[in-house]
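# Results of the structural survey
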Amino acid sequence: MEGHMLFAWMLMCLLLRPSTAQNSPPEGVLNCCEGDVLFLVDSSGSVSSYEHSRMLAFLSELISPFSLGEDQVRVGLLQVGTKPRLEFGFDKYSTQSGLQAALKTIKPLRGDTNTVEALKMVKEWVLRPGKAGGARENLPRVLVWLTDGVKPGDVTGPMAQLRDDGVAVLVVSTGHGNYQVLRQVVSPPVEDHLHFVDIDDMSIITKEFRDAIIEIIRAERIHVRDVSTSSATLQWRPVLSGLTGHYEILFKELRRGVGGVETSRPDVFTGGPPYQRLTQTADSSTARLTGLKPDTNYIAILRPESNEQAFNDLHVTFRTRPEVLSPAVVTVSEPGQSSVRVSWGPLQPGMVESYSVEYSALPTGKVHYVQLSRSQNSTLLRNLQPDTTYLVTVTARHASGKEKAMSVKVCTQEVTPALADLQLTTVGSDSVEVEWNGGTSRLRGYWLTWEGQQSSAPGQRSSLYLPPDSLSTRLTHLPPSARVCVSPIYRTARGEGLCCTAQFHSDALVYGYQS
């Protein structure tokens, strides 16, 4: 019996021995992620010592590439037996050497498969944020259950509670029973998070299963902000904080791959212009990339360099903003009968040599020119014809030799026709005849308004439109001392009007007075 136990112990040590693959972590795993991963390992009586050792060997290979620590991935392990036991919590190991050594010392518990009790521990303490030694706030939490699938117990409800609480549940079963139960407990997608595999073939799912975990806990450790036409800021999580070393930043225009398709893969990024390089200290977290081309795709690579710890390169792609050449906007203000102000922007005295403004009456008027300095962004066009549409074009001559032009249509105001001799003649006790002189072929009509002036009828304002050939109308049911106004209506605006106050007298037949 002792000989068999010794053989099993030697076999487990052999299986947990770090392999060459573990010494060379898969690309993209180091420094990729941030989250808390708890392994729930079945070590009850239905799992043999050999099977238990194979499960631990699988875990060893699965987690060996990850960077561990407070700002990285943290790992805990809870064994299932008659009395489930937490072998180590999330705050126990921050190095791979310590974690791998701990995995070699774990022995099976035996007894019943008390998964339900183990899940109570998971929910109440291990994966509950805020508990001492438990999961961290606002970070992904993952439960990986390794089981032989034999009598798992009534786990559907507890697992559903964990999922509802935001925990991602993944399962690896070395048996082929209870498929429906295990399918119900995993988080979607089932095809990525539930694996059935023979105990001797667990290594074939290592990479695929690791990738599924990475998708859940992947951290966005590098991103680009403050992008302009010629610069951008690269920002990253300071992974070298507290270590000796530096950051090397490489960036260049993103080339087109095979067949003209753009690619962001650094491993195929061999053509095109050479990299530009920057170096930042270990306590840095940003770098300003300058000298970029407008409206161009770029790739930036961050390379943390330290003799104390290995880190993966991080890369990000981005596109600079399109170049905005003046004039990008042209506006019109201060319209009059013979003048109008034209403004434009943005003002770019460092890029523009001069501006010119040309304008002409539509459709075939004479073209006029105004030459302006690069520091001006508006001008008042004078001596225009009233009630006329003009085409105005602002052109900027840039130092680069480019010219940028933008055109707008502007309308001058119409000449105000004479509107005179507004007269009110009272008709009865509450009506007046309104008459006036005026009119022009360009007039669009008249706008009449009247309202009470006394406190007995405040705010009773009424209005009426009349066609341009109307020079009189009768208003009825007016309040006492009503003020009546007539305004001409032009094509583009309402002109200045005249007003009279109606005076009602018991024996009066005439009139109002102009005011």
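The rules behind each value
- Residues numbered from 1 in each chain as written.
- Predicted model: local features only at pLDDT ≥ 70, side-chain atom pairs only at ≥ 80, totals over all residues.
- Heavy atoms only, no water.
- Helix = DSSP H or I, 4+ residues; strand = E, 2+ residues; numbered from the N terminus.
- Buried < 20%, exposed > 50% of the residue type's maximum accessible area, 1.4 Å probe, protein only.
- Contact = heavy atoms within 4.5 Å.
- Salt bridge = Lys/Arg side-chain N within 4 Å of Asp/Glu carboxyl O.
- Expected span 1.5 Å × (residues − 1).
- Core = buried A, V, L, I, M, F, W, Y, C linked by side-chain atoms within 4.5 Å.
- Pairing = 2+ DSSP bridges.
- Axes fitted to C-alpha atoms, helices over the stretch in contact; angles between N-to-C directions.
- pLDDT = per-residue confidence, 0-100.

## Quick look at the environment of phenylalanine 39
Among the structural elements, phenylalanine 39 can be located in strand S1 (residues 35-42). According to the relative accessible area criterion, phenylalanine 39 is buried, its value standing at 2%. Sequence separation of phenylalanine 39 and glutamine 79 is 40 residues, and the distance between their C-alpha atoms is 8.2 Å. Discounting residues that sit within four places of it in the chain, phenylalanine 39 has contacts with Leu59, Leu62, Ile63, Val75, Gly76, Leu77, Leu78, Val144 and Leu146.

## Some points on the pattern of salt bridges
Evaluation of the coordinates by the stated rule reveals 18 salt bridges. Across the pair glutamate 124 and lysine 123 runs a salt bridge whose closest N-O atoms are separated by 4.0 Å. The salt bridge involving glutamate 253 is made with lysine 293; its shortest N-O contact spans 3.3 Å. Placement of glutamate 253 in strand S9 (residues 246-253) and of lysine 293 in the loop between strand S11 (286-289) and strand S12 (297-305) is noted, with a sequence separation of 40 residues between them. Via salt bridges that share partners, Asp36, Glu70, Arg74 and Arg136 belong to a single interconnected network.

## Observations regarding helix H9 (residues 206-217)
Residue pairs spaced three or four apart in an α-helix point in one direction, given the helix's 3.6 residues per turn. Taking 1.5 Å of rise per residue, the 12 residues of H9 would be expected to cover 16 Å, and the 17 Å separating its terminal C-alpha atoms lies within 8% of that figure. Three or more residues of H9 are buried, namely Thr206, Phe209, Arg210, Ala212, Ile213, Ile214 and Ile217.

## Observations regarding the nonpolar core
One recurring pattern in soluble globular proteins is that nonpolar side chains are buried together. Phe39, Phe58, Leu59, Phe66, Leu77, Val144 and Leu146 are the most contacted members of the largest nonpolar core, which totals 37 residues. Put simply, the parts of the chain that give this core at least two residues each are S1, helix H3 (49-63), strand S2 (73-80), helix H4 (96-105), strand S4 (141-147), strand S5 (167-173) and H9. Among the elements that take part in this core, H3 stands out by supplying 6 residues, more than any other. In this view, leucine 146 contacts Phe39, Leu40, Val41, Asp42, Met55, Phe58, Leu59, Val172 and Met202; residues no more than four positions away in its chain are not counted. Within the second largest apolar cluster, 23 residues are counted, among which are Leu78, Phe90, Val169 and Val185.

## Some words on unusual backbone geometry
Each neighbour pair has its own omega, and for proline 188 with proline 189 the value is 0°, a cis peptide bond. With respect to the helices, strands and loops of the structure, proline 189 is situated in the loop between helix H7 (179-185) and helix H8 (190-193). With omega at 0°, the peptide bond leading from glycine 345 into proline 346 counts as cis. Of note, proline 346 is situated in the loop between strand S15 (340-345) and strand S16 (352-361). The backbone of arginine 110 sits at a positive phi, close to 70°, despite the residue not being glycine.

## Here we look at the sheet that holds strand S14 (residues 329-333)
Pairing in this open sheet of 3 strands is antiparallel, and the strands run S14-S15-S18 from one edge to the other. Lying at the two open borders of the sheet, with one neighbouring strand each, are S14 and strand S18 (378-381). This sheet shows a mean twist of 20° between the axes of neighbouring strands, independent of strand direction. Of the pairings in the sheet, the one linking S14 to S15 comprises 5 bridges and is antiparallel in character. Paired with threonine 331 across the bridge in S15 is serine 343.

## A word on H3
Taking 1.5 Å as the rise per residue, H3 with 15 residues should run 21 Å; its terminal C-alpha atoms sit 21 Å apart, in good agreement. In terms of burial, H3 is largely enclosed, as 11 of its 15 residues are buried. Looking only at H3, the buried set comprises His52, Ser53, Arg54, Met55, Leu56, Ala57, Phe58, Leu59, Ser60, Leu62 and Ile63.

## Describing the confidence of the model for the protein chain
Here the protein chain averages 83 in pLDDT, while 85% of its residues score no lower than 70. Least confident of the elements in the protein chain is strand S28 (residues 512-514), whose mean pLDDT is 38; most confident is H3, at 95. In this model residues 1-24 is a low-confidence stretch, pLDDT under 50, and it forms 22 contacts with partners more than four residues away in sequence or in other chains. The low-confidence segment residues 257-269 (pLDDT under 50) makes 24 contacts with residues lying over four places distant or belonging to another chain.

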